[in-house]
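Inside the fold
Given next are the chains, with one letter for each unit.
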Amino acid sequence: MKTLSPLAILLWLGFAPAALADSATAMFAGGCFWCMESAYQEQEGVIDVVSGFTGGTIPNPTYKGNHAGHFEAVKVSYDPTVISYQDLLDLYWVNVDPFDNKGQFCDKGPSYRSAIFPATDGELQLAEQSRAVVEARFAPDKVYTEIRPAGEFWPVEEGHQDYYLKNPVRYKYYRWNCGRDQRLEQIWGRDAKH
């Protein structure tokens, strides 16, 4: 089980210390938000990861309700003095199939597509540079991962938060049967993270 940082404990208790002023957030879509949540949550410097939706125009999207136009995504809160936005991007790429324009792994449909949602010009520049590196590495294959402006993030229902921790057997069964790890290893080799 993950050991919580002092900052994460204070956040959990409802305190907003001055150190929070130095925290940052980043949003990524990579198919199933459970899998993206698990990829980031255990990283040193990551304070919290929330599963939800972003990128669409419908307010208050829900998993079993209307989330048309939205991506399944994660919002990563992190300490940039410990882990950088570039580090988060590097981790992102080895957790997605950038060549799939119909979704990710066994999950197909518009809400499962991959995308990066930079919130600043600096993040946009880093995201574009990171995509260019992936494109160069795999040329002439087409990279479909989008880079879109960050917008409002809508957390998904509580039952989907920390799913990989609350339901580890079901999560591992889903992930294996979806072929996620197998495909990541096929694309990224030893760089694949899971």
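Structure report, in brief.

Brief notes about the overall build of the protein chain
From N to C terminus, the protein chain includes seven helices and eight strands. When burial is assessed residue by residue, the protein chain has 45% of its 194 residues classed as buried. Expressed as a percentage of contacts within the protein chain between residues at least 6 apart in sequence, the contacts between residues at least 24 apart total 73%. On the protein chain, roughly 10,100 Å² of surface is accessible, and the fraction owed to carbon and sulfur atoms is 55%.

Considering the state of the cysteines
Here the structure, examined in full by the defined rule, presents one disulfide. Across the disulfide, cysteine 106 is cross-linked to cysteine 178 (sulfur-sulfur distance 2.0 Å). Across the S-S bond linking cysteine 106 and cysteine 178, the dihedral sits near -105°, which makes this disulfide left-handed. Of this pair, cysteine 106 sits in the loop between strand 4 (103-104) and strand 5 (107-108) while cysteine 178 sits in helix 6 (residues 168-178), and the two are 72 residues apart along the sequence. Judged by its relative accessible area of 8%, cysteine 178 is buried.

Re the nonpolar core
Within the largest apolar cluster, 42 residues are counted, with the highest numbers of intra-cluster contacts made by Phe28, Tyr40, Val76, Leu88, Ile116 and Trp188. With six residues, the single largest contributor to this core is helix 3 (residues 85-93). Not counting residues up to four positions away in its chain, the partners in contact with phenylalanine 28 are Tyr40, Ala73, Val74, Val76, Tyr85, Leu88, Leu89, Tyr92, Ala115, Ile116 and Phe117. Core analysis: the next-biggest nonpolar cluster, separate from the first, contains seven residues, Met27, Phe71, Ala115 and Phe117 among them.

Considerations on the sheet that holds strand 2 (residues 46-54)
Judged by pairing direction, the sheet is mixed, and its six strands sit side by side in the order 7-6-1-3-2-8 without closing on themselves. A strand with exactly one partner marks an edge of an open sheet, and here the two such strands are strand 7 (146-147) and strand 8 (154-155). In the sheet, strand 6 (residues 114-117) pairs with strand 7 via two bridges, with the strands oriented parallel. Each residue of the ladder has a partner; that of isoleucine 116, found in strand 7, is isoleucine 147.

Some words on the environment of tryptophan 154
Inspection of the secondary structure assignment puts tryptophan 154 in strand 8. Residue tryptophan 154 is classed as buried on the basis of its relative accessible area, which comes to 18%. The spatial distance from the C-alpha of tryptophan 154 to the C-alpha of glycine 55 is 9.8 Å, given a sequence separation of 99 residues. Setting aside chain neighbours within four positions, we find tryptophan 154 in contact with Gly52, Phe53, Ile58, Pro59, Asn60, Pro61 and His70.

Quick notes on the pairing of strand 6
Residue alternation in strand 6 divides its side chains into two sets, Ser114 and Ile116 and Ala115 and Phe117, and both sets are buried. Here four bridges tie strand 1 (residues 24-30) to strand 6, and the two strands are oriented antiparallel to one another. The residue bridging glycine 30 from the neighbouring strand is serine 114, located in strand 6.

Considerations on the pattern of salt bridges
A full pass over the atoms with the stated rule returns seven salt bridges. Notably, a salt bridge pairs lysine 166 with glutamate 158, separated by 3.1 Å at the nearest N-O pair. We classify lysine 166 as partly exposed; its relative accessible area is 44%. Judged by its relative accessible area of 54%, glutamate 158 is exposed. Across the pair aspartate 181 and arginine 175 runs a salt bridge, and its minimum N-O distance is 2.7 Å. Here aspartate 181 and arginine 175 have matching classes, each one buried. When salt bridges that share partners are traced, they join Arg113, Glu146 and Arg148 into one network.

Thresholds, definitions, all that
Residues numbered from 1 in each chain as written. Predicted model: local features only at pLDDT ≥ 70, side-chain atom pairs only at ≥ 80, totals over all residues. Heavy atoms only, no water. Helix = DSSP H or I, 4+ residues; strand = E, 2+ residues; numbered from the N terminus. Buried < 20%, exposed > 50% of the residue type's maximum accessible area, 1.4 Å probe, protein only. Contact = heavy atoms within 4.5 Å. Areas by Shrake-Rupley, 256 points an atom, 1.4 Å probe, with all protein chains shown as cover. Disulfide = S-S within 2.5 Å. Core = buried A, V, L, I, M, F, W, Y, C linked by side-chain atoms within 4.5 Å. Pairing = 2+ DSSP bridges. Salt bridge = Lys/Arg side-chain N within 4 Å of Asp/Glu carboxyl O.

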